[in-house]
Each structure stands twice: as C-alpha cells, then as structure tokens.
Amino acid sequence: MPSRAIPFSFLAEDRWLPRAHAHAARVARFAEPFVARRNAGRKHPIEDFLFTYYTLKPGQLARWHPGAGTALVGHDAAERLGWKHYRALTRTEREAAGVEEDVAAVVLDLPAYAAEREETIRFCGIILRGTAARPPQFGCFGLHEWAMAYRSVKFGIRHEYLPLRLGADGTDRVVEEHRIRCTHFDAFRFYSPDAAPLNELQPTRATQRDLEQPGCLHANMDLYKWAYKLGPAIPGELLMDCFELAWRVRTMDMQASPYDLSGWGFEPIAIETPAGKAEYVEAQRGFAAEAAALRERLTTALAPLEAALSS
C-alpha cells in the first residue's frame, strides 16, 4: 500500500463506491420530494428551507466526496477529473502507492484548493472555533420568528401562505411581553422594521464572528452551510450529518414559530406558555450537544486546509 512519503490515504473502488451510492440515497430521501414539489409549483414551510435558504443545489449535495487527504482509485474515479478541485495522481505518486498506470486515481488538489478558497477557510475557522469557545445561551425561546412577523398588519409576513396561530394582535403581544435577545445576524436581518430596535443586541455581518454562540438554533443549522462552503474538502458523511441536524432544527424552529402548521401535520411548541418554553429549551439543549460534536468534526476536517495555507 502507499508509501509514507504520500501525504494521503487510498480507497479502492469496492470501498468508496458503496459510500458514494449510500450518500446519494441519503440525499434523495430529502431532495426528491423537494424537486417534485418545485416542479409542481407547491411549497412546504419546513422541508423546502434547506434547499431554498441555503444555496447548495440538490444535485451538488448528492455528489459524495471523501474529503481532503483521500485518493480514490478505480474506473469510476476517472469521472472526477472533470470535477472542480480534483486532479490525477502523478506518476511518482502512483509508483509509490503501487497503483497501476492504466487505473484511474484522483485526489483533491489541496494546495490549489486552499489557495483559491483561502478567505472561506479562514472565516470558517474563526466562526467554528469562536462559537465553540462561547457559553451557550438558552433563553431566546425562538422569538426571532415572532419578531419577523411583528406588526404584520403594517409590514406583512415572510410566509404569506401560512396563518398566524395567535393572529396578528396575539403575535404582537408575545413580542412585546418578552425580552428579545437574538445573537444571530442572519435571523435578525429578517426582523420587521419595528421589531429590530426591540432586540437587545444589534447584530451585523461584521460582528457575526463575535456573537455566534452554540445554543443558537440558527448557528447550529449553519454548520451545514460551513460544511458545504468547504466543498469537496469535507467528507460527504459529515456534510449529511450537518444537513440532517439542520433539518431537525428547522422543524423545531418552525413549530415554535407564530405560524399555524397544523394543516401540515406539525403540532406547535407554544413558547408563550411556561410549558412551551420548557419544551423549547430541552430541545435546544439537545441540539446544542449534537452540534458541538459536529462542530468539532468540522474543525478537525478544516485543519489540513489551514495547514495547506500555512505551507
């Protein structure tokens, strides 16, 4: 097998191809219903989110990657020579690894990838490590969604096809009777104009790196975003673990929102009540624990990319 001089490991086709097929099947369970709805002109308030708010397309998500530091060997590996950031093994690498000349073998071109994606790599490192270093906060109760619908008679609502569970006046009262303390810019930026001044913090894109904290539902959903922004350098299994966590977090996020999703089969988490608050915090703590493990795995996967920048 490979010489110690080769800075990556190897996967034969009978080992990596089943992983690629399993990944595609895992993606299809989520992507195929979305594509069918999109083609039919229908919406789903929860299940469309990861394909509409986030920018990775279903076809891109379905492409499995082994991540940085792993070469793929075999006939089907040749297709990846047409994929961005992949390269063929050199003659020296083949000889050192014992790969025959007529067998396809590809690997992520790590130095070229790192040079092209330097800003993304560095920003992901700042966000992942900074978020992990801060204490989690569990007292927001998902009020960011309520703030987005505040004074809807005046401003309308983001999800215009969904009814408000407590009506416009009831929604406004919930906002006015609670402390609003969202730390996440990409939630805060969708607040209605009259709700923004009510937030105890005023997050901006510039302060994102200083405010992200590991109890935040949106920060934990965004692990999926950081995973796909690092593209083929992240193993497909880790990408989908982040995706599936984001899927479950989004479900809970909308159950705790002001919208009535009973017609879609989802019971509300009534955060305006003590019982609803307790239910929300319990789920939020569970998601934070799952996200902490994924954040650590992403940080580990990021390390060789950062090392490539340094070298």
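Residues numbered from 1 in each chain as written. Predicted model: local features only at pLDDT ≥ 70, side-chain atom pairs only at ≥ 80, totals over all residues. Heavy atoms only, no water.

(A) Looking closely at the pairing of strand β4 (residues 105-108). Side chains A105 and V107 of β4 all project onto a buried face; the interleaved residues V106 and L108 project onto the opposite face, where all are buried too. As judged from the two bridges shared by strand β2 (residues 70-73) and β4, these two strands associate in the antiparallel manner. Across the sheet, L72 pairs through a bridge with V106, a residue of β4. Relative to β4, strand β3 (residues 86-88) runs antiparallel, the two sharing three bridges. Directly across from Y86, in β4, lies its bridge partner L108. (Buried < 20%, exposed > 50% of the residue type's maximum accessible area, 1.4 Å probe, protein only. Helix = DSSP H or I, 4+ residues; strand = E, 2+ residues; numbered from the N terminus. Pairing = 2+ DSSP bridges.)

(B) Here's a closer look at the sheet that holds β2. Read from one edge to the other, the open sheet built from four strands follows the order β1-β2-β4-β3, with strand pairing classed as mixed. What marks the edges here is a single partner per strand, and that holds for β1 (9-11) and β3. Each adjacent strand pair in this sheet contributes to an overall mean axis angle of 30°, direction not counted. Sheet topology places β1 next to β2; three bridges connect them, and they run parallel. Counterpart to S9 in the pairing with β2 is T70. Across the sheet, helix α1 (residues 13-40) lies against β1 and β2, angled at about 75° from β1, the strand it touches most. (Axes fitted to C-alpha atoms, helices over the stretch in contact; angles between N-to-C directions. Contact = heavy atoms within 4.5 Å.)

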